[in-house]
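Letter by letter, the chains look like this.
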Amino acid sequence: MGWGNIYKRRVKVFSLAILIYIDYKVLQHREKWTKNSKRADLWDKAHERNARRVLKLIVKLEGLWVKLGQYLSTRADVLPPAYIRLLKQLQDSLPPRPLKEVCQTITTELGKSMADLFLNFDNTPLATASIAQVHRATLADGKEVVVKVQHEGIKEIILEDLKNAKSIVDWIAWAEPQYDFNPMIDEWCKEAPKELDFNHEAENTRKVSRNLGCKSNCDDNNINRVDVLIPEVITSSEKVLILEYMDGVRLNDSESLQALGVDKQKLVEEITRAYAHQIYVDGFFNGDPHPGNFLVSKAPPHRPVLLDFGLTKKLSFPMKQALAKMFLASAEFIAFWFLLVFTKGYTLLFAGDHVALLSSFAEMGLKLRLDIPEQVMEISSVFFRNSTPANEAHQTMKSFADRRTKNLKVLQEKMKLNEKEVKRFNPVISLYLAESFINNGCTHSLRGIMRPFAESVLQCNVNRGPAFNANWIHDTPVLSDVENKLRKLLIELGNTDKVLGIQELQQEWFTGWVDKGKLKLEDKVANIWPEFGSNGKTKLRVHHVLKSHIWFAQRLGQPYT
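The notes below deal with the structure included here. (Residues numbered from 1 in each chain as written. Predicted model: local features only at pLDDT ≥ 70, side-chain atom pairs only at ≥ 80, totals over all residues. Heavy atoms only, no water.)

### Brief notes about the packing of aromatic side chains
Argument step 1. Taken as a whole and assessed by the stated rule, the structure comprises 4 aromatic pairs.
Argument step 2. Seen in terms of ring centroids, Phe118 and Phe121 are 5.3 Å apart; in terms of plane orientation they differ by 45 degrees. Their pairing is tilted.
Argument step 3. Judged by its relative accessible area of 6%, Phe118 is buried.
Argument step 4. For Phe121, a relative accessible area of 14% translates into the label buried.
Argument step 5. Directly above the ring of Tyr245 sits Arg136, whose terminal nitrogen or CZ lies 3.8 Å from the centroid.
Argument step 6. One residue, Lys207, lies across the ring of Phe284, its end atom 4.2 Å from the ring centre. (Phe/Tyr/Trp six-rings, centres within 6.5 Å; stacked < 30°, edge-to-face > 60°. Buried < 20%, exposed > 50% of the residue type's maximum accessible area, 1.4 Å probe, protein only. Lys NZ or Arg CZ within 6 Å of the ring centre and 35° of its normal.)

### Comments concerning the pattern of salt bridges
It is possible for side chains bearing opposite charge to pair when their charged atoms get close.
Argument step 1. Summed over the entire model, instances satisfying the criterion amount to 27 salt bridges.
Argument step 2. Close ionic contact of Glu48 with Arg85 constitutes a salt bridge, the shortest N to O distance being 2.6 Å. Here Glu48 is found in helix α2 (residues 36-61), whereas its partner Arg85 is found in helix α4 (residues 81-87), with 37 residues between them in sequence.
Argument step 3. With a closest N to O distance of 3.8 Å, Glu203 and Arg206 form a salt bridge. Note that Glu203 and Arg206 are positioned in helix α9 (residues 198-212) at a spacing of 3 residues, about one turn of the helix.
Argument step 4. Given a relative accessible area of 33%, Arg206 falls into the partly exposed group.
Argument step 5. Three or more residues joined by partner-sharing salt bridges are found here, namely Glu187, Lys190, Glu191, Lys194 and Lys313. (Salt bridge = Lys/Arg side-chain N within 4 Å of Asp/Glu carboxyl O. Helix = DSSP H or I, 4+ residues; strand = E, 2+ residues; numbered from the N terminus.)

### Quick word on helix α11 (residues 264-282)
Argument step 1. Relative to the 27 Å expected for 19 residues at 1.5 Å per residue, α11 spans 26 Å between its end C-alpha atoms, a close match to the ideal helical length.
Argument step 2. Within α11 the residues assigned to the buried category are Leu267, Glu270, Ile271, Thr272, Arg273, Ala274, Tyr275, Ala276, His277, Gln278, Ile279 and Tyr280.
Argument step 3. One side-chain oxygen at the N-terminal end of α11 lies 3.2 Å from the backbone nitrogen of Gln265; it belongs to Asp263.
Argument step 4. Among the residues trailing α11, Gly283 stands out with phi positive, at a value near 65 degrees. (Expected span 1.5 Å × (residues − 1). Polar contact = N/O pair within 3.5 Å; in protein donor to acceptor, adjacent residues only side chain to side chain.)

### Observations concerning the packing of α9 against α11
Between two packed helices, the angle of one axis relative to the other and the distance separating the axes together describe the packing.
Argument step 1. With their axes 10 Å apart at the nearest point, α9 and α11 run at an angle of 95 degrees to one another. Taken together, the axes of α9 and α11 lie roughly perpendicular to each other. Contact residues: Val208, Asn211 and Leu212 in α9; Ala274, His277, Gln278 and Asp282 in α11.
Argument step 2. Class assignment for the residues of the contact of α9 with α11 results in 3 nonpolar, 3 polar and 1 charged. (Axes fitted to C-alpha atoms, helices over the stretch in contact; angles between N-to-C directions. Parallel < 35°, antiparallel > 145°, perpendicular 65-115°, else oblique. Contact = heavy atoms within 4.5 Å. Nonpolar A, V, L, I, M, F, W, Y, C, P; charged D, E, K, R; others polar.)

### Remarks on the pairing of strand β5 (residues 233-236)
Argument step 1. As paired strands, β5 and strand β6 (residues 240-244) are joined by 3 bridges and run antiparallel to one another. Within the sheet, the bridge partner assigned to Ser236 lies in β6 and is Leu241.
Argument step 2. Taking the residues between adjacent antiparallel strands as the criterion, β5 and β6 are bridged by 3 residues. (Pairing = 2+ DSSP bridges.)

Any link to function would need more than the numbers given here.
This is the structure in structure tokens:
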């Protein structure tokens, strides 16, 4: 790039950041003297002009900023509509690099001439992205492929952009302490450079394809089976990647999808299953899930095609367990729920509360206080909120901000924080990446699809029992006397081979149905809930479940209510 170009690039980025910051700060002061009826219009105009400024600079600079813009364009639940509408243009192809540059990179990297490598090579790229562009081609053996070629000099540009982004985030955190995105940008700085080695992407592609069983005949009866396509890797080098060609349409091409008769709901559900499998089962997932990284196969049954595995994330088994526990606990956090532990001879039932959430957060490195459930509510409301249409984003974020302000006031009182300290209290940002990957626009129905995958992580330790796994109960922080007693009791039962399995059960359903006459105490639970009857539990009746609740409360020395 040269120091002259680096300096110019840096000046442009910081100049725009300062301009936009001043624009919004001036508007905040101006708003105080503006009628309520005109305030929304003021903000809409500010969003529109600043979004145009951002888009213009991103298109001019390209590099990492394009990738950041693509990500932001998918967050209609966070950004104002003007930003979403304009930044969506970045999901389309960027201006292509010269063909001469592309051919030179290919021949240098693969050590052969274009004529030796290809029978045919399309001069016009299929797509041009921030790091590379993709051309369709035919290999010498007649195989149809796509060739991904890295832009010349892009490595230096990306590394420089990361430095600039880090500096801007540091400055924002200093000027507006409540907006400290350092954990997010630190993760980007660590992971983004890996995208610059296409050998790394090739291995990631092979690994995810193996994990999802894309090239094998999977068991159709497997509840966690995933039906997606991933291109086969033909060959790779640091700057060139050749993949199997797959004929498909873009995920956001609504007209083409409709013409093909694609079931969009089923399509979204299958993509959700694929990501749930990657996160909870494999612990290895694509960290860049914007619409440009998906296709839909033209051939029936129109399966999703997963692309671009340059940016991936690996999760340790303890982290997978923590994420699964967080997902399941948060899904039931508002409702009153119980966990039913089936043993040989009797049944245990215990009520769950925010302790499970605190435990999962602690396992992920986020220490929260047991006596302040508002912290858990604050984080849970971000992780598991429903996605929002673009035209409702402003109201949704206003509602979320109001709720956050209210919760922070409670935290300030309980933790005795001054105004400066409470501004810096930002537990949400430290888990920003996990929220992005796990729950980016996740609706209630999609959470139901992800649930079996999350459950499988925790069940794998229970199903085989302590005889096969001495650590079948994960060694998490003990946050209450009840949890401590429960753990000791479960270990005692496990050591004597009395645990058959663990299932979640909402006990109030049974009491409510009994009171209303819809159930009798002598009814078998398996007749109401067929899955309940597994592992020899077909003889358990409703009165057994209700009695076990009283017994378990007494066993733990807790009053029964």
